[in-house]
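Letter by letter, the chains look like this.
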Amino acid sequence: VQLVESGGGLVQPGGSLRLSCAASGFSFSSYAMSWHRQAPGKERELVAGINSAGGSTKYANSVKGRFTISRDNVKNTVYLQMNSLKPEDTAVYYCFVRWRYLEVWGQGTLVTVSS
């Protein structure tokens with residue numbers, strides 16, 4: 001089971017980024033997926049989650065209306081579209097799946113929001 005994130009980088013406040021998480025080694029379409037983030041000196045927090053079919057999503061209050069999670073069950077990929085980015089969104093972003101009894105994390109991708 002493997003999750004590989006991509007799409008992070010440096011962006012100015014107000015800008016946009018789209019993160020991708022490519023999944024392999026399990027039946028992707030059967031599992032809920034989520035994005036989490038960890039800022040320097042802070043605990044890791046849930047950003048957004050999506051159910052297996054993609055019809056139900058949830059968001060942290062801090063990103064509602066700005067971030068959108070989606071998935072492509074043909075490409076085995078989950079996305080996080082981030083708009084109106086703020087400096088406080090700066091963090092390492094991780095993809096996550098609870099596969100059977102295991103918690104599987106990607107390696108993370110760094111998002112830096114700064115002018």
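Residues numbered from 1 in each chain as written. Predicted model: local features only at pLDDT ≥ 70, side-chain atom pairs only at ≥ 80, totals over all residues. Heavy atoms only, no water.

Draft legend 1. Just the packing of aromatic side chains, in detail. In this structure the tally under the stated criterion is four aromatic pairs. Centroid distance Phe-26 to Tyr-31: 5.7 Å. Interplanar angle 80°. Geometry classified as edge-to-face. The class for Phe-26 is buried, based on a relative accessible area of 11%. Here the basic side chain of Arg-44 rests over the ring of Trp-105, its NZ or CZ set 4.4 Å away from the ring centre. Directly above the ring of Phe-28 sits Arg-71, whose terminal nitrogen or CZ lies 4.3 Å from the centroid. (Phe/Tyr/Trp six-rings, centres within 6.5 Å; stacked < 30°, edge-to-face > 60°. Buried < 20%, exposed > 50% of the residue type's maximum accessible area, 1.4 Å probe, protein only. Lys NZ or Arg CZ within 6 Å of the ring centre and 35° of its normal.)

Draft legend 2. A look at the pattern of salt bridges. Applying the stated rule across the entire model yields four salt bridges. A salt bridge links Glu-45 to Arg-37; the shortest N-O distance between them is 2.7 Å. Overall, Glu-45 belongs to the partly exposed group, its relative accessible area being 34%. Under the relative-accessibility criterion, Arg-37 is labelled buried at 6%. In this structure, Asp-89 and Arg-37 form a salt bridge, with 2.9 Å as the shortest nitrogen-oxygen distance. (Salt bridge = Lys/Arg side-chain N within 4 Å of Asp/Glu carboxyl O.)

Draft legend 3. Quick look at the side chain of Thr-109. Relative to the helices and strands, Thr-109 is located in strand S11 (residues 109-113). By relative accessible area, which is 11% here, Thr-109 ends up buried. Polar contacts involving the side chain of Thr-109 include one to the main-chain amide nitrogen of Gly-8, which spans 3.1 Å. When sequence neighbours within four positions are dropped, the list of residues in contact with Thr-109 reads Glu-5, Ser-6, Gly-7, Gly-8, Leu-19, Ala-91, Val-92 and Tyr-93. (Helix = DSSP H or I, 4+ residues; strand = E, 2+ residues; numbered from the N terminus. Polar contact = N/O pair within 3.5 Å; in protein donor to acceptor, adjacent residues only side chain to side chain. Contact = heavy atoms within 4.5 Å.)

Remember, this is a structural readout, not a statement about activity or role.
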